[in-house]
Amino acid sequence: MIYACTAALLLCSCRTDLPDAATDGPDSLYTAAHIEEIALDQPEEALALLDEAEEKRLLSPFDISDLRCLVYHNGLSHYRTAYTHALKAYNDPEARNHPEKFLSLVTTMAEECHYNGDYAGSVRYCTEGLELAQQTGDRTAEASLHVTWGLNLLEMEQYDEAFRHIDLAVGILDGEARRDPCYRTWDELFYALGMKLNLLWKKDRYDEALAMRPRMEEALHGLELSEDAPDGIADMRRAEMDVCYCCIAYTLGDNAEGDSLCRRVEANPYTSTPDGEYLRIPCLLMAGRYDEALHYIRREKQLLQETTDTVNWDYIGSHLQMELEAWQGKGDWKQASRVQSGMMALTDTLRQRERQEDALELAEIYRSNEKDREIARQEESLRRLHIILALMVPVLALLILYIRNILKAGSIVRRKNEAMVKTIDELMARKDELFGLQEENLRLRGELQHLQAEEGTPEEEPGHPGDGDDTPTVRTLTNGDRALFERMHHEILRNRLYLRADFNKKELMKEFHIPANKFAPLFREFAGCSFTQYIQDCRLDHAVRLMREQPQWTLDAIAKEAGMSNGAFYSQFQKKYGMKPSDYRRGMQITPPIKNIDTQSITH
């Protein structure tokens, strides 16, 4: 349930602090200040004004793109569209002529990348934004960027670093709120405290979470008293806080307090709006009101799928997880299994897209630069600064070379795996084709024997000793022995005898009348391996087919179905194909499926 409350706080963050942009337009409706003021509550009207302002050239291209980003980000929560306009503003030549506005833009872009699951991109904008905030002295923006950075680290499960960044933000904002008690500082402080509350909950540090309540009440009270606060913002923040403490109360077994807070959440005006309905979901789940929870989950999923990229960890860990818990609570395991399958599919996609290593490396570069700047300030020496920068050049060059080599090596491995997947698939297709040919060969051989029997032409039974030969010695293998092996091989594959736990060579020798001294040579000569390895190869081939036919199965389930232990499956697959089963499964997604032959349906 922790992700539900995390999402409740994260998705409500709004940027409402763009500096005013003066304009010479004849109507005050077309000023940046007015459009910014109505962006949250009247987004459609704000967009219409921007269209007219662009047509009449009442605002600069930078302001047009920047304000559209603000409207889509705050008023409509269309983060992909907001990022598109933000990028246009970012690349505008005018952008860097307004340091404060540019800092606000970069801060928003860091948030948008986070919401869209691009954590590496978010960290890059956090790095740039922190440098700008320190240059301009904007402590509130600096704190906001620390919060966003902490959220990215939270997604990467770097909890200690996430606490460090959010504590930095809380410390900054607490001082700013006391110095300048306006809406923006109180709201930013409340938001930072909310992030810390969720981190404490995630780490099961309930006493510390409960101890934060007076501090959050103080921040909320300051927000309520702010004359410049937008309508409804206090209700929204109050609902967020009540949701968190409602879920904590239920978690600790205090159902009376949980029920009380749940009723307060439902009575909050904000949770009756389309944008705020989802805040009810965690409380309803904890209270066991699953049907009501599913109602709001469906509405929220539809909204998110229309407005943002749902291929991200937050969507899986929050929205799909809540849906899974609701179906499990109802005891509807079929629906729960459906949701879980969707979560697994999204997880596989995300693992291909995520770039956690890049984000962590960029974060490390920033920390190194931060230390260098601190040394330069302490020494107050331009010469010392130049020396440090000069030393950083080869370090950065080596780091870039190192990253390039890693990426190059990764690319080589991926290409190798893709080629191996194709080779395995071609091999399986050829084996299936060979199986069909053997089937036809056995059929024709049977017809030939039948004709010979009718004509009275005797034929020596393949695989048996000649007349008068009762000595169990190894003889030279003949074409008859090959025919015997092929018939035996076909029978094993057609009936999938290799999957039977009690299958052994004694059973084969009895079934096909094979002398003990000939059994091992038959497999060495015609299978190219021992009987044991032959069975393992058959099981591996079956496992490869299962991975193609049942992509939703886990590798452990594949191994079990193929009659192999997990250890044997992984080691034998690696030994035979030179790659891990997981690498083969990933490679399957970019290669066409092999043409399978169902050996169960083929008869003599």
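Structure: see above.
Residues numbered from 1 in each chain as written. Predicted model: local features only at pLDDT ≥ 70, side-chain atom pairs only at ≥ 80, totals over all residues. Heavy atoms only, no water.

Moving on to the overall build of the protein chain. Each helix and strand counted, the protein chain has 27 helices and zero strands in total. A buried classification covers 48% of the 604 residues belonging to the protein chain. The contacts of the protein chain with a sequence gap of at least 6 include a subset with a gap of at least 24, amounting to 66%. Carbon and sulfur atoms form 51% of the exposed surface of the protein chain, whose accessible area is close to 30,500 Å². (Helix = DSSP H or I, 4+ residues; strand = E, 2+ residues; numbered from the N terminus. Buried < 20%, exposed > 50% of the residue type's maximum accessible area, 1.4 Å probe, protein only. Contact = heavy atoms within 4.5 Å. Areas by Shrake-Rupley, 256 points an atom, 1.4 Å probe, with all protein chains shown as cover.)

Here we take up the packing of helix α24 (residues 531-549) against helix α27 (residues 581-588). How two helices sit against one another is set out by the angle between their axes and by the gap between those axes. At a minimum axis separation of 10 Å, α24 and α27 run at an interaxial angle of 40°. Taken together, the axes of α24 and α27 lie oblique to each other. Between α24 and α27 the crossing geometry is right-handed. On α27, the residues that touch V544, M547 and R548 of α24 are P581, Y584, R585 and M588. Split by residue class, the contact of α24 with α27 holds five nonpolar, no polar and two charged. (Axes fitted to C-alpha atoms, helices over the stretch in contact; angles between N-to-C directions. Parallel < 35°, antiparallel > 145°, perpendicular 65-115°, else oblique. Left-handed = near helix turned anticlockwise from the far one by under 90°. Nonpolar A, V, L, I, M, F, W, Y, C, P; charged D, E, K, R; others polar.)

Attention now moves to helix α18 (residues 333-353). With 21 residues, α18 should cover 30 Å at 1.5 Å per step; its first-to-last C-alpha distance of 30 Å lies within 8% of that length. Looking only at α18, the buried set comprises A336, V339, M343, L346, T347 and L350. Looking down the long axis of α18, one finds its buried residues gathered within 110° of arc, a one-sided arrangement. (Expected span 1.5 Å × (residues − 1). Arc of directions from axis to C-beta.)

Below, the discussion takes up helix α23 (residues 516-526). Among the residues of α23, those classed as buried are N517, K518, F519, P521, L522, F523 and F526. Looking at the buried positions of α23, the neighbouring elements they touch are α21 (479-494), α22 (505-512) and α24.

Right, let's talk about the packing of aromatic side chains for a bit. This model, assessed by the stated rule, comprises 16 aromatic pairs. With 6.4 Å between their ring centres and 65° between their planes, Y83 and Y125 make a pair best called edge-to-face. Taken together, the residues span a long stretch of sequence, with Y83 in helix α5 (residues 79-91) and Y125 in helix α7 (residues 119-136) at a distance of 42 residues. Take Y83: its relative accessible area is 22%, and that puts it in the partly exposed class. (Phe/Tyr/Trp six-rings, centres within 6.5 Å; stacked < 30°, edge-to-face > 60°.)

Structurally, the position occupied by R280 is in helix α15 (residues 280-286). This buried residue, R280, is left without a salt bridge; E266 holds the nearest opposite charge, at 4.2 Å. Looking at R280, its side chain comes within polar contact range of the side chain of S272, at 3.2 Å. Once residues within four sequence positions are removed from consideration, R280 is found in contact with V265, E266, T271, S272 and Y296. (Lys, Arg positive; Asp, Glu negative; His and termini not counted. Salt bridge = Lys/Arg side-chain N within 4 Å of Asp/Glu carboxyl O. Polar contact = N/O pair within 3.5 Å; in protein donor to acceptor, adjacent residues only side chain to side chain.)

Once that is clear, we can look at the side chain of D63. By the element assignment, D63 lies in helix α4 (residues 61-75). Classification of D63 by relative accessible area gives buried; the value is 7%. Reaching out from D63, the side chain makes a polar contact with the side chain of K101 at a distance of 2.4 Å.

Let us look at the pattern of salt bridges. It is possible for side chains bearing opposite charge to pair when their charged atoms get close. Enumeration according to the criterion identifies 31 salt bridges in this entry. One salt bridge connects K196 with D167, and the closest N-O pair in it is separated by 3.0 Å. Taken together, the positions of K196 in helix α10 (residues 183-202) and D167 in helix α9 (residues 159-179) put the pair 29 residues apart, joining distant regions of the chain. Among the salt bridges present, the one from D481 reaches K518, with a minimum N-O distance of 2.9 Å. Separated by 37 residues along the polypeptide, D481 in helix α21 and K518 in helix α23 bring together distant segments of the chain. You can call K518 buried: its relative accessible area is 6%.

Let us now look at the packing of α5 against helix α6 (residues 99-115). At their nearest, the axes of α5 and α6 sit 10 Å apart, and the two run at 145° to each other. When you trace α5 past α6, the crossing you get is left-handed. Of the residues in α6, those in contact with Y79, A82, Y83, A86, L87, A89 and Y90 of α5 are F102, L105, V106, M109, E112, C113 and Y115.

For D332, the position within the fold is in the loop between α17 (313-330) and α18. Taking the relative accessible area as the measure of exposure, D332 reaches 27% and is therefore partly exposed. A polar side-chain atom of D332 sits 3.2 Å from the main-chain amide nitrogen of Q335.

Positionally, T554 belongs in the loop between α24 and α25 (555-561). Residue classification places T554 among the partly exposed residues on the basis of a relative accessible area of 40%. C-alpha of T554 to C-alpha of S582: the two residues are 28 residues apart in sequence and 9.8 Å apart in space. Not counting chain neighbours up to four residues away, the residues in contact with T554 comprise M344 and R585.

Together, R404, K408, R414 and R415 give the surface a local cluster of positive charge. Within the secondary structure layout, R415 lies in helix α20 (residues 382-455). (Patch = residues over 30% accessible without salt bridge, like charges linked within 9 Å, V, L, I, M, F, W, Y side chains within 5 Å. Charge placed at Lys NZ, Arg CZ, Asp CG, Glu CD.)

Another point: the nonpolar core. If you look at the biggest cluster of nonpolar residues, it comprises 98 residues, and the most contacted ones within it are L105, L189, L197 and Y245. Counting residues per element, this core draws most heavily on α10, which supplies twelve residues. Ignoring any residue separated from it by four or fewer positions in sequence, one finds Y245 in contact with L197, A209, L210, M212, R213, M216 and L261. Residues L484, L497, I514 and C529 belong to the second largest nonpolar core, which totals 22 residues. (Core = buried A, V, L, I, M, F, W, Y, C linked by side-chain atoms within 4.5 Å.)

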